[in-house]
Amino acid sequence: MKITIIGTGLIGGSMALTLRANSLAASIIGVESNPTHAATAIERGIVDEILPLEDAVRKADVIIISIPVDSTEKLVPQILSLLNDNQVVMDVGSNKKAVCDIVSSHEKRGRFVATHPMWGTEYSGPAAAKSDGFAGNAVVICNREQSDKDAVKVVLKIYETLQMKIVFMNAGAHDIHAAYVSHISHITSFALANTVLEKEKEESAIFEMASGGFESTVRLAKSNPDMWLPIFRQNRENVLDVLNEHIAQLKKFRSCFEKDNYEYMRNLMENANKIKRIIK
């Protein structure tokens, strides 16, 4: 299988490394606008060569789009117009409804498969790519009834090679759930980092006293704004909904402190403990 990766960063680069390690990809072509990233992708063996978009698409059996979601929604229709009836294009973005809506009436809609592998780290770029990140995590495939069966079969083969758990979902439902379990976590982490940076002016104290709990909670604040700002903007309504609920929950804790109501605070914490039934 000849694969083109558009965007050789963490997700695209990690997919390339894993597919190459498992011999699913006979050759991998990269499309990369950042010269430094392009050089790193070649140096690390993530891709065999870097080509212009149209050349890279023409030579591939499968095109994987791994760039910010606002750029993805502009690029997918363009790529679909370049495809023959045997090629497949898939994206890996964190939002799905916008891109699915945009291509819904495209004559080549069936060659597109909308996916979201639920894995990532706080690091970005091809230097952060790794070959063992996806295994055991979920991937959501959206609106599969709008994709050709053979295209879905190819994409399933890719994710089976990555050892991911397959979940099928409507694109709109995906974006709601992603806001709840992913997007709010990043906003909370960004906000917590800003809180500590604002209140604690001694950077050495943060470094010396930061515990495992703080590190794990604030880890996502290291994430690339160039990727996350378009995600938040595109999924604005769903993120606002969950953010308002999160603020309401924080206000409950604040009220407990203001009123010395520690019994109610215990109730809040015990209710939060119920998450253990879902996440071990």
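Before reading on, note that the structure itself is shown above.
In this report, the structure presented in the accompanying data block is examined.

Rules used in this analysis
Residues numbered from 1 in each chain as written. Predicted model: local features only at pLDDT ≥ 70, side-chain atom pairs only at ≥ 80, totals over all residues. Heavy atoms only, no water. Helix = DSSP H or I, 4+ residues; strand = E, 2+ residues; numbered from the N terminus. Buried < 20%, exposed > 50% of the residue type's maximum accessible area, 1.4 Å probe, protein only. Contact = heavy atoms within 4.5 Å. Areas by Shrake-Rupley, 256 points an atom, 1.4 Å probe, with all protein chains shown as cover. Lys, Arg positive; Asp, Glu negative; His and termini not counted. Charge placed at Lys NZ, Arg CZ, Asp CG, Glu CD. Pairing = 2+ DSSP bridges. Axes fitted to C-alpha atoms, helices over the stretch in contact; angles between N-to-C directions. Right-handed = clockwise from strand over helix to strand, strands pointing away. Phe/Tyr/Trp six-rings, centres within 6.5 Å; stacked < 30°, edge-to-face > 60°. Lys NZ or Arg CZ within 6 Å of the ring centre and 35° of its normal. Expected span 1.5 Å × (residues − 1).

Turning our eyes to something else, we now look at the overall build of the protein. The number of helices and strands found in the protein is 12 helices and 8 strands. The principal-axis extent of the C-alpha atoms belonging to the protein is close to 65 × 40 × 30 Å. Counting only residues that meet the buried cut, the protein has 42% of its 280 residues in that class. If you take every contact in the protein between residues at least 6 apart in sequence, the share linking residues at least 24 apart comes to 75%. Of the accessible surface of the protein, which amounts to about 15,100 Å², a share of 53% is contributed by carbon and sulfur atoms. When the 32 positive and 34 negative side-chain charges of the protein are each reduced to one mean point, those points stand 6 Å apart.

Taken together, 8 strands build an open sheet; the order of strands is β3-β2-β1-β4-β5-β6-β7-β8 and the sheet is mixed. Two strands bound the open sheet, and with one partner strand each, they are β3 (49–50) and β8 (165–169). Sheet topology note: the strand β5 (residues 88–91)/strand β6 (residues 112–117) ladder contains 3 bridges and is parallel. Bridging across to β6, Val 89 finds its partner in Phe 112. Along the sheet, helix α1 (residues 10–21) makes contact with β1 (2–6), β2 (27–31), β4 (62–65), β5 and β6, crossing β1 at roughly 160°. Strand contacts of helix α7 (residues 171–199): β6, β7 (138–142) and β8, with the helix running at about 115° to β8, the strand carrying the most contacts.

Bringing the environment of Leu 17 into the picture now. Position of Leu 17 among the secondary structure elements: in helix α1. Look at Leu 17 and you get buried, because its relative accessible area is 14%. In this structure, Leu 17 is in contact with Arg 44, Gly 45, Ile 46, Ala 129, Lys 130 and Ser 131, ignoring residues within four places of it in sequence.

Our next topic: the pairing of β8. Here 5 bridges tie β7 to β8, and the two strands are oriented parallel to one another. Across the sheet, the residue bridging to Ala 138 is Lys 165, located in β8. Tracing the backbone out of β7, into helix α6 (residues 149–161) and back to the parallel element β8 gives a crossover that is right-handed.

For the structure on display, the rule yields 4 aromatic pairs. Cluster of aromatic residues (ring-pair linked, three or more members): Phe 190, Trp 228 and Phe 232. When the ring centre of Phe 168 is taken as origin, the NZ or CZ atom of Arg 144, which lies over that ring, is 3.7 Å away.

Attention now goes to α1. Along its 12 residues, α1 runs 16 Å from first to last C-alpha, staying within 8% of the 16 Å computed at 1.5 Å per residue. Taking burial as the measure, the 12 residues of α1 include 10 buried ones, the bulk of the element. All of the buried residues in α1 are Leu 10, Ile 11, Gly 12, Gly 13, Ser 14, Met 15, Ala 16, Leu 17, Thr 18 and Leu 19. Backbone geometry just downstream of α1 places Ser 23 in the positive-phi region, at approximately 60°.

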